[in-house]
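The chain contents come next:
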2 protein chains.
Amino acid sequence: MPSLSPYRSDLDYAYAPGMFPAMECLLHRPDLARRVLLHTKSAGTEGAARLTELAAKLHVRVEEADRALARISGKENCFAAAVFEKFDDPLNDARPHVVLHNPSDCGNVGTILRTSLGFGVEDVALIRPCVDVFDPRVVRASMGSMFQLRIHTYNTFEEYEADHPGHMLYPFMLDGSKSLPEVLAGDIPERWTLVFGNEGSGLPAAFSKKGQPVRIPSNERIDSLNLSIAAAIGVYEFTRK
Amino acid sequence: MPSLSPYRSDLDYAYAPGMFPAMECLLHRPDLARRVLLHTKSAGTEGAARLTELAAKLHVRVEEADRALARISGKENCFAAAVFEKFDDPLNDARPHVVLHNPSDCGNVGTILRTSLGFGVEDVALIRPCVDVFDPRVVRASMGSMFQLRIHTYNTFEEYEADHPGHMLYPFMLDGSKSLPEVLAGDIPERWTLVFGNEGSGLPAAFSKKGQPVRIPSNERIDSLNLSIAAAIGVYEFTRK
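Residues numbered from 1 in each chain as written. Chains lettered and ligands numbered in written order. Predicted model: local features only at pLDDT ≥ 70, side-chain atom pairs only at ≥ 80, totals over all residues. Heavy atoms only, no water.

### Let's talk about the overall build of chain A
Then, number 1: What chain A contains, in helices and strands, is 8 helices and 11 strands.
Then, number 2: In terms of C-alpha radius of gyration, chain A reaches 19 Å, essentially the compact-globule figure of 18 Å for 241 residues.
Then, number 3: The principal-axis extents of the C-alpha atoms in chain A amount to approximately 55 × 40 × 30 Å.
Then, number 4: Residue burial in chain A is summarised as follows: out of 241 residues, 56% are buried. (Helix = DSSP H or I, 4+ residues; strand = E, 2+ residues; numbered from the N terminus. Rg over C-alpha atoms; globule rule 2.2 N^0.38 Å. Buried < 20%, exposed > 50% of the residue type's maximum accessible area, 1.4 Å probe, protein only.)

Right, here's the structure in full:
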C-alpha cells in the first residue's frame, strides 16, 4: 500500500481513528484490517499494548505514524487508527432495519449506528445523497460500532423497497398520522423499518403515504428534535416492544 | 459596546450564531438582546427580514458584520447572530430537573437543552468542571432552546442538593441498580431529577448511593450510549409517565 492519503470517498480503504474504534475493527472485522497506526505518544499505554498484541496475532502490520494520524483525523491528539477495507453488506431481510434518508451530518450518522447496535438493530441503510459512511468522522462517532453492523448505501429509496418488500415502513415525520405511543400500542410486525429524514428538511411529503408515519410527541416549543435523538427514541421504543 | 471579541468565558455577553438561534433570542429573551449581526449575503432572505423587523420593534440595533460573524462562529457561512447578555437563573424548585455532571462536549450539552425543552423539562443544572453553557457551540447545538430554559451552573453537586432537597435523584449509570423500565413501573414523585455524568467517565461511583440509580437496558455490544442519547431516552420516558 502506498503512503496514506487524507480520507477520500474514491479510495477503497478508510480509517477508524481513535484507540477504541481501531480496536473494534480488529476485534470484529479482522478480515478488513490492513494496518494499525500508532502515535509515538501512545507508547507505554495499555491501549497501545492491547492493539499491538492483537494486531500481531492477526498478522496486521503496526507502524508509528504521527503525521499520518494528524492528517487523517484532523486532530493533534489522535493516538491510533486502523486502516481498513471498505465494505458493503446486503441487509438481513429477516431482521428489523433503520433507514437514513439523505442524512448530511457525520456525527449524527455515527451516533445512530452506535445507538442502533446498542439496542440490537444490526442492519442500517443510507439513501443517497448522504454522507459517506466511511468518512472518519462517522467512524469515530460510531465508536467503531459499524464493524458489528450490516450497512448498505442505496441510490434511491425505491431500491431499498424493492429489496425488502416484506418490511413494514415507519417513516418518522413531524406530522406523522400517529404518535409513537399510539403506534406501539398496536401490533408491530417482526420485520419493521424505521425511516428518518434529513436534518434540515426531514422526509419528503410522499413518505406520509408509506406504511405508518410516526410522530414523536414533543411540544411546540422546539422546531424539531435532533436527528440522532429522534432515531434513538424510535429505536429504543421499537426494540423494547 | 466596543468591537466584538471572539467568545470568551470572562465576557458578560455571548453569541447566538445562526438565523434560528438568533431569532429565538429575540423572541424569548428580548431583555437580554444587545445587537443583531447580519452577513451581507443574508440580504433579501426571509430570515434576515424577520430578524430585522423584530429587532426594530424591540429597539435592538442591527448591523452588517461579515468578519465578526466568521470570527464568532468559526464558519464562513454563518449568516446571523444575536449578541446577548449572559444569564443565570435559579431552577424552579417545583419542577423536574436535568442535571449534567461535568459534561465536556458542547454539542452534547446543546442537544440536551433542546431535547429537554422539547419534552417540557425547563430547568437544567450543570456541575463544574464542565463546558461553558454560553459557548457559541452550545448555543448553536441548542438551536436557541436555552432562551426558554432556566439554567444554573453549580460548583459542586452538593450545592445543587442543598438547593433542592425535595427532589428525588435518578443518577443514570451503566451499573444502575434498576433498569429504566423497572423504575418507570414504580411510582415517580412529582419532583424528580435525572443526573447524567461525563462523556468518558460517567458519574462517580458515589452516585450509586444517591436516590435510585438507573441503567438504560442497552446490550453489551457497545461500550455505552452517547451522553445526549442517554439523556434523551431518560427525559422522554420520565416525561411520558
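### A few points about the sheet that holds strand β1 (residues 13-17) of chain B
Residues and elements named next belong to chain B.
Then, number 1: Strand order in the open sheet made by the 4 strands is β1-β4-β2-β3, with mixed pairing throughout. Pairing within the sheet leaves two strands with one partner each, and these edge strands are β1 and β3 (61-64). Direction aside, neighbouring strands of the sheet carry axes that sit 25° apart on average.
Then, number 2: Direction of pairing for β1 relative to strand β4 (residues 80-85): antiparallel, over a ladder of 5 bridges. Bridge pairing in β4 places tyrosine 15 opposite valine 83.
Then, number 3: Against the sheet, helix α1 (residues 19-28) engages β1, β2 (33-38) and β4, with an angle of about 35° to β4.
Then, number 4: Its contacts with the sheet place helix α3 (residues 66-73) against β1, β2, β3 and β4, and it is angled at close to 105° to β2. (Pairing = 2+ DSSP bridges. Axes fitted to C-alpha atoms, helices over the stretch in contact; angles between N-to-C directions. Contact = heavy atoms within 4.5 Å.)

### Points about the domain arrangement of chain A
All names here are of chain A.
Then, number 1: Structurally, chain A comprises domain 1 (13-85) and domain 2 (97-240).
Then, number 2: For domain 1 versus domain 2, the separation of C-alpha centres amounts to 30 Å.
Then, number 3: With 16 residues of domain 1 at the interface, the matching set in domain 2 holds 8 residues.
Then, number 4: For the domain 1 and domain 2 pair, buried surface summed over both sides reaches about 1,100 Å², with 70% attributable to carbon and sulfur atoms.
Then, number 5: Counting the surface domain 1 buries against domain 2, the share from its top three residues, Pro17, Pro21 and Phe84, is 33%.
Then, number 6: For the pair domain 1 and domain 2, the interface holds 0 salt bridges. (Domains from an automatic or database assignment. Buried area = accessible area lost by both parts, 1.4 Å probe. Salt bridge = Lys/Arg side-chain N within 4 Å of Asp/Glu carboxyl O.)

### Quick look at helix α1 (residues 19-28) of chain A
Then, number 1: Taken together, the buried positions of α1(A) are A:Pro21, A:Ala22, A:Met23, A:Glu24, A:Cys25 and A:Leu26.
Then, number 2: For α1(A), the secondary structure elements touched by its buried residues are β1 (13-17), β2 (33-38), α2 (46-58) and β4 (80-85) of chain A.

### Examining the sheet that holds strand β7 (residues 150-154) of chain B
Residues and elements named next belong to chain B.
Then, number 1: Taken in spatial order, the 5 strands line up as β7-β6-β5-β10-β8 in an open sheet, and their pairing is parallel. Sheet topology places β7 and β8 (168-171) at the edges, where each strand pairs with a single neighbour. The sheet shows a mean angle of 20° between the axes of neighbouring strands, taken without regard to direction.
Then, number 2: Contacts between helix α4 (residues 106-118) and the sheet are confined to β5 (97-101), β6 (123-127) and β7, with β5 contributing the most and set at about 170° to the helix.
Then, number 3: Contacts between helix α8 (residues 227-240) and the sheet are confined to β5, β8 and β10 (192-196), with β10 contributing the most and set at about 165° to the helix.

### Structural notes on the environment of B:Arg240
Then, number 1: Looking at where B:Arg240 falls in the secondary structure, it is placed in helix α8.
Then, number 2: Look past the residues within four positions of B:Arg240 in its chain and what remains in contact with it is A:Pro181 and A:Pro217.

### Things to note about the confidence of the model for chain A
Then, number 1: The predicted model of chain A averages 96 in pLDDT, with 99% of residues at 70 or higher.
Then, number 2: The complex model carries a pTM of 0.96, and its ipTM stands at 0.96. (pLDDT = per-residue confidence, 0-100.)

### A word on the pattern of salt bridges
Then, number 1: Scanning all chains against the criterion turns up 28 salt bridges over all chains.
Then, number 2: Here A:Glu63 and A:Arg61 are joined by a salt bridge, their closest N and O atoms 2.8 Å apart.
Then, number 3: For A:Glu63, a relative accessible area of 17% gives the class buried.
Then, number 4: On the basis of relative accessible area, A:Arg61 is assigned to the exposed category, the value being 53%.
Then, number 5: For B:Asp123, the salt bridge identified is with B:Arg150, shortest N-O distance 2.6 Å. Residue B:Asp123 is found in strand β6, and its partner B:Arg150 is found in strand β7; the two are separated by 27 residues along the sequence.
Then, number 6: One network of salt bridges, with partners in common, ties together A:Arg95, A:Glu122, A:Asp123, A:Arg150 and B:Arg221.

### Description of the packing of helix α8 (residues 227-240) of chain A against α8(B)
A pair of packed helices is captured by two measures, namely the crossing angle of their axes and the spacing between those axes.
Then, number 1: At their nearest, the axes of α8(A) and α8(B) sit 9 Å apart, and the two run at 60° to each other. Judged by the angle between their axes, α8(A) and α8(B) are oblique. The way α8(A) lies across α8(B) gives a crossing that is right-handed. For the pair formed by α8(A) and α8(B), the contact residues are A:Ser228, A:Ile229, A:Ala232, A:Ile233, A:Tyr236 and A:Glu237 on the first element and B:Ser228, B:Ile229, B:Ala232, B:Ile233, B:Tyr236 and B:Glu237 on the second.
Then, number 2: A class-by-class count of the residues in the contact of α8(A) with α8(B) yields 8 nonpolar, 2 polar and 2 charged. (Parallel < 35°, antiparallel > 145°, perpendicular 65-115°, else oblique. Left-handed = near helix turned anticlockwise from the far one by under 90°. Nonpolar A, V, L, I, M, F, W, Y, C, P; charged D, E, K, R; others polar.)

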